[in-house]
Amino acid sequence: MKYKHPDRNPIVTIDCAYDKEKLELKVSDNGLGIDLKKYGNDLFGLYKTFHHNKDAEGVGLYLVKNQIESYGGRILLDSEVGKGATFTIIAPNQKASTVG
């Protein structure tokens, strides 16, 4: 809730889909959003912050991306400033690849 929009109650939605090859998890919010034109290249960098929160450390997205990639996955972001963000995590379906 650290990045909730000050003018509305936060809403977070989670959606998941999978098939034999991959899992796709989407987490969306109606928060502050991130300016991808301005920060897109630094999005998952260590110690990079995109809002002026005094307690922001810039390690969360970096750690999440590294963990996801260690499992052969990737993370994407679609965001609009003032409207919110959607993080999409795509990872190999490990269970399906070990069966049969």
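A brief report on the enclosed structure follows. Per chain, residues are indexed from 1 in the order of the written sequence. Local features in a predicted model are, by the rule used here, given only for residues with pLDDT of at least 70; side-chain atom pairs are given and counted only at 80 or more, and totals for whole chains, interfaces and linings are based on all residues. Hydrogen atoms and water are omitted, and side-chain values are computed over all heavy atoms in the structure.

Turning next to the sheet that holds strand 4 (residues 84-92). Strands sit in the order 1-2-4-3 across an open sheet of 4 strands; the sheet is antiparallel. Looking at the sheet topology across the chains shown, the edges are occupied by strand 1 (12-18) and strand 3 (74-80). Averaged over all pairs of adjacent strands, the angle between strand axes in this sheet comes to 15°, irrespective of strand direction. Two elements, strand 2 (residues 22-29) and strand 4, share 8 bridges in a ladder whose sense is antiparallel. Bridge pairing links Val27 to Phe87 in strand 4. Pairing between strands requires that DSSP locate at least two bridges from one strand to the other. Note on conventions: DSSP H or I runs of at least 4 residues are helices, E runs of at least 2 residues are strands, and numbering of each starts at the N terminus. The convention used is that axes are lines fitted to C-alpha atoms, helices contributing only their stretch in contact, and that angles between N-to-C directions extend from 0 to 180 degrees.

Glancing now at the pattern of salt bridges. Salt bridge, as applied in this entry: a Lys or Arg side-chain nitrogen positioned within 4 Å of an Asp or Glu carboxyl oxygen. Scanning the entire structure with this criterion turns up 2 salt bridges. For Glu69, the salt bridge identified is with Lys65, shortest N-O distance 2.7 Å. With Glu69 and Lys65 both in helix 2 (residues 60-70) and 4 residues apart, this pair spans about one turn of that helix. Per-residue accessibility, obtained with a 1.4 Å probe over protein chains only, is compared with the maximum for each type, and a residue is labelled buried under 20%, exposed over 50%, and partly exposed between these values. With relative accessibility at 24%, the residue Lys65 sits in the partly exposed group. Put simply, Lys83 and Glu80 hold a salt bridge, and the shortest N to O gap is 3.8 Å. For Lys83, a relative accessible area of 56% puts it in the exposed group.

A word on a nonpolar patch on the surface. Only residues above 30% relative accessible area that lack a salt bridge enter a patch, with like-charged residues linked at up to 9 Å and the nonpolar side chains Val, Leu, Ile, Met, Phe, Trp and Tyr linked at up to 5 Å. Note on areas: these come from Shrake-Rupley sampling with a 1.4 Å probe, and a residue is covered only by the protein chains present in the view. A grouping of Leu46, Tyr47, Tyr62 and Leu63 is seen on the molecular surface, where their side chains present a nonpolar patch of about 410 Å² in accessible area. Following the sequence through the fold, Leu63 ends up in helix 2.

Looking at the secondary structure, you find Tyr18 in strand 1. Along the backbone, Tyr18 and Tyr62 are 44 residues apart, and their C-alpha atoms lie at a distance of 25 Å. Throughout, a residue-residue contact means that at least one pair of heavy atoms, one from each residue, lies within 4.5 Å. Apart from the residues within four sequence positions on either side, Tyr18 is in contact with Leu23 and Asn93.

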